Amino acid sequence: QVQLVESGGGLVQAGGSLRLSCTASGSIRSVSDMGWYRQGPAQQRELVATITNGNGTNYAGFVKGRFTISRDNAKNTITLQMNSLKPEDTAAYYCNARVRPSSTPFFYEYWGQGTQVTVSS
């Protein structure tokens, strides 16, 4: 069983900061790309940032310069440092990872349960 467990969401005023974390746990052989997506009310889920196991990063245009994704491969953990938050950043944030479980030679895509970020104006 592989699980992605997220933490760190909450309520913050515009201009403030939050830090999200996500850890992949279970019987894992290896973890490939990991990332964060978000889904606002009545909106489709969209990419926020991704990071490879070699620490290559990719950001959505709307977060560049404000958000930073980082990774600890030894702990199968990623973090998303979010600064200068805006009300339009309000959304449920979901962790995503491509994981190879110990019992299979294949990689599968997993999602966390989501953590709510609310930015008040």
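That block above? That's the structure.
### Brief notes about the overall build of the chain
So, point 1. Looking only at helices and strands, one finds 0 helices and 11 strands in the chain.
So, point 2. Each helix and strand of the chain, ordered N terminal to C terminal, gives the series β-β-β-β-β-β-β-β-β-β-β.
So, point 3. By the compact-globule yardstick of 14 Å for 121 residues, the chain fits well, its C-alpha radius of gyration being 14 Å.
So, point 4. Taken along the three principal axes of its C-alpha coordinates, the chain extends 50 × 25 × 20 Å.

### A few points about the pairing of strand β11 (residues 115–120)
So, point 1. Burial along β11 is one-sided: the face carrying T115, V117 and V119 is buried and the face carrying Q116, T118 and S120 is not.
So, point 2. Pairing geometry for strand β9 (residues 91–101) and β11, over 3 bridges, is antiparallel. Each bridged residue has a counterpart across the sheet, and for A91 the counterpart in β11 is V117.

### Points about the pairing of β9
So, point 1. With respect to burial, β9 is a largely interior element, 9 of its 11 residues being buried.
So, point 2. When β9 meets strand β10 (residues 108–111), the two strands line up antiparallel, connected through 4 bridges. Within the sheet, the bridge partner assigned to A97 lies in β10 and is Y110.
So, point 3. Linking β9 back to β10 in an antiparallel pair, the connection comprises 6 residues.

### Some words on the side chain of T77
So, point 1. On the secondary structure map, T77 appears in strand β8 (residues 77–82).
So, point 2. T77 sits in the buried class, given a relative accessible area of 15%.
So, point 3. One polar contact links the side chain of T77 to the main-chain carbonyl oxygen of K75, over a distance of 3.0 Å.
So, point 4. Non-local contacts of T77, meaning those with residues more than four positions away in its chain, are made with C22, T23, S70, R71 and D72.

### Regarding the side chain of N96
So, point 1. With respect to the helices and strands, the residue N96 is situated in strand β9.
So, point 2. Here the side chain of N96 touches E109 through a polar contact of 3.0 Å, side chain to side chain.
So, point 3. The residues touching N96, leaving out its near neighbours within four places in the chain, are L4, D33, M34, G35, Y37, E109, Y110 and W111.

### Comments concerning the sheet that holds strand β1 (residues 2–7)
So, point 1. With antiparallel pairing, 4 strands are arranged side by side in an open sheet as β1-β3-β8-β7. The open sheet has two edge strands, β1 and β7 (67–72), and neither has a second partner. Neighbouring strand axes in the sheet, compared pairwise and without regard to direction, differ in orientation by 15° on average.
So, point 2. Direction of pairing for β7 relative to β8: antiparallel, over a ladder of 6 bridges. Bridge pairing links D72 to T77 in β8.

Definitions and cut-offs
- Residues numbered from 1 in each chain as written.
- Predicted model: local features only at pLDDT ≥ 70, side-chain atom pairs only at ≥ 80, totals over all residues.
- Heavy atoms only, no water.
- Helix = DSSP H or I, 4+ residues; strand = E, 2+ residues; numbered from the N terminus.
- Rg over C-alpha atoms; globule rule 2.2 N^0.38 Å.
- Buried < 20%, exposed > 50% of the residue type's maximum accessible area, 1.4 Å probe, protein only.
- Pairing = 2+ DSSP bridges.
- Polar contact = N/O pair within 3.5 Å; in protein donor to acceptor, adjacent residues only side chain to side chain.
- Contact = heavy atoms within 4.5 Å.
- Axes fitted to C-alpha atoms, helices over the stretch in contact; angles between N-to-C directions.

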